[in-house]
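Per-entry structural report
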Amino acid sequence: DQQVKQNSPSLSVQEGRISILNCDYTNSMFDYFLWYKKYPAEGPTFLISISSIKDKNEDGRFTVFLNKSAKHLSLHIVPSQPGDSAVYFCAGTARNNFNKFYFGSGTKLNVKP
Amino acid sequence: DVKVTQSSRYLVKRTGEKVFLECVQDMDHENMFWYRQDPGLGLRLIYFSYDVKMKEKGDIPEGYSVSREKKERFSLILESASTNQTSMYLCASYRLLGELFFGEGSRLTVL
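1. What to know about the overall build of chain B
Within chain B, the secondary structure is distributed over zero helices and 11 strands. Relative to a compact globule of 111 residues, whose C-alpha radius of gyration would be 13 Å, chain B shows 13 Å and is just as compact. Expressed as a percentage of the 111 residues in chain B, the buried residues total 50%. In chain B, the share of contacts with a sequence separation of at least 24, taken over all contacts with a separation of at least 6, comes to 53%. For chain B, the exposed surface amounts to about 5,400 Å²; the carbon and sulfur share of it is 50%. For chain B, the centre of its 16 positive side-chain charges and the centre of its 16 negative side-chain charges are spaced 5 Å apart.

What follows is the structure, encoded as structure tokens:
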């Protein structure tokens, strides 16, 4: 049973526009979330995190929003750039459970020039 | 600069062979993880370790074992490789209240 779900396998966006990637989770104990970006044949690289005590966290072009009541996260990339084309994974954990991170299946973002 | 190093980027093995995948981190992290990545399935946790000699099963431990004899090193062992273990294997270490640091990955093909 997947505890973290990314229901959109792919997303295509024009350069300069906003990319919105969505993520849902089922475990109400999750209190810490991460977003990663992955290029083919490389390890995932960390983008941004959010704790359940917040509903928003920003870092440059990346903003993550957390809606705890809906068990939903979203990652906004503004403005999108061709170099952002990659697979994006969200992950969640309950920090009192050995920090065992559960990942979604990923969304492949294509930013068109 | 923090680093997680996986011993082999690409391996090709035959069915039934024993396979060792090694991972070393230089950050003095307590927690280390092994994931496998498959298309459409994301990253699935195989095993993790929260201290030397301590290990816990993840979601898909069958066919795998692990070893953590030193804090910086976490090894994944396939006792008898099978074709359904062909995958990308990712090691990670964790900084508390921070993020998972991943290695470059090991692409294993079992023929």
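2. Focus: the interface of chain B and chain A
Counting from both sides, the interface comprises 28 residues of chain B and, opposite them, 19 residues of chain A. In this assembly, chain B packs against chain A so that about 1,900 Å² is buried in total across both faces, 61% of it on carbon and sulfur atoms. Joining chain B to chain A, the criterion identifies zero salt bridges. Counting the contacts that link chain B with chain A gives five residue pairs in polar contact (both at pLDDT 80 or more). For the side of chain B that touches chain A, the elements supplying multiple residues, two or more each, are β4 (31-38), β5 (42-51), β9 (87-94) and β10 (100-102) of chain B. Per-element tally for the side of chain B that touches chain A: the top contributor is β5(B), with five residues. Partitioned by chemical class, the residues of the side of chain B that touches chain A number 16 nonpolar, seven polar and five charged.

3. Side note on the sheet that holds strand β1 (residues 4-6) of chain B
All names here are of chain B. The strand order across the open sheet built from four strands is β1-β3-β8-β7, with neighbouring strands paired in antiparallel fashion. Edge positions in the open sheet fall to β1 and β7 (65-70), since each of these has one partner strand only. Averaged over all pairs of adjacent strands, the angle between their axes in this sheet comes to 20°, without regard to strand direction.

4. What to know about the pairing of strand β4 (residues 32-38) of chain A
All names here are of chain A. Here β4 lies mainly inside the structure; seven of its seven residues are buried. Taken together, β4 and the strand that follows it, strand β5 (residues 45-51), pair antiparallel across an intervening segment of six residues, in which Ala-41 is found at a positive phi of about 65°. Note: β4 against strand β9 (residues 86-93), seven bridges, orientation antiparallel. If you follow Tyr-32 over to β9, its bridge partner there is Thr-93.

5. As for the environment of Leu96(B)
Turning to its location among the elements, Leu96(B) is positioned in the loop between β9 and β10. Counting along the chain gives 66 residues from Leu96(B) to Glu30(B), while the straight-line C-alpha distance between them is 8.7 Å.

The rules behind each value
- Residues numbered from 1 in each chain as written.
- Chains lettered and ligands numbered in written order.
- Predicted model: local features only at pLDDT ≥ 70, side-chain atom pairs only at ≥ 80, totals over all residues.
- Heavy atoms only, no water.
- Helix = DSSP H or I, 4+ residues; strand = E, 2+ residues; numbered from the N terminus.
- Rg over C-alpha atoms; globule rule 2.2 N^0.38 Å.
- Buried < 20%, exposed > 50% of the residue type's maximum accessible area, 1.4 Å probe, protein only.
- Contact = heavy atoms within 4.5 Å.
- Areas by Shrake-Rupley, 256 points an atom, 1.4 Å probe, with all protein chains shown as cover.
- Lys, Arg positive; Asp, Glu negative; His and termini not counted.
- Charge placed at Lys NZ, Arg CZ, Asp CG, Glu CD.
- Buried area = accessible area lost by both parts, 1.4 Å probe.
- Salt bridge = Lys/Arg side-chain N within 4 Å of Asp/Glu carboxyl O.
- Polar contact = N/O pair within 3.5 Å; in protein donor to acceptor, adjacent residues only side chain to side chain.
- Nonpolar A, V, L, I, M, F, W, Y, C, P; charged D, E, K, R; others polar.
- Pairing = 2+ DSSP bridges.
- Axes fitted to C-alpha atoms, helices over the stretch in contact; angles between N-to-C directions.

As far as function goes, none of this settles anything; it's purely spatial.
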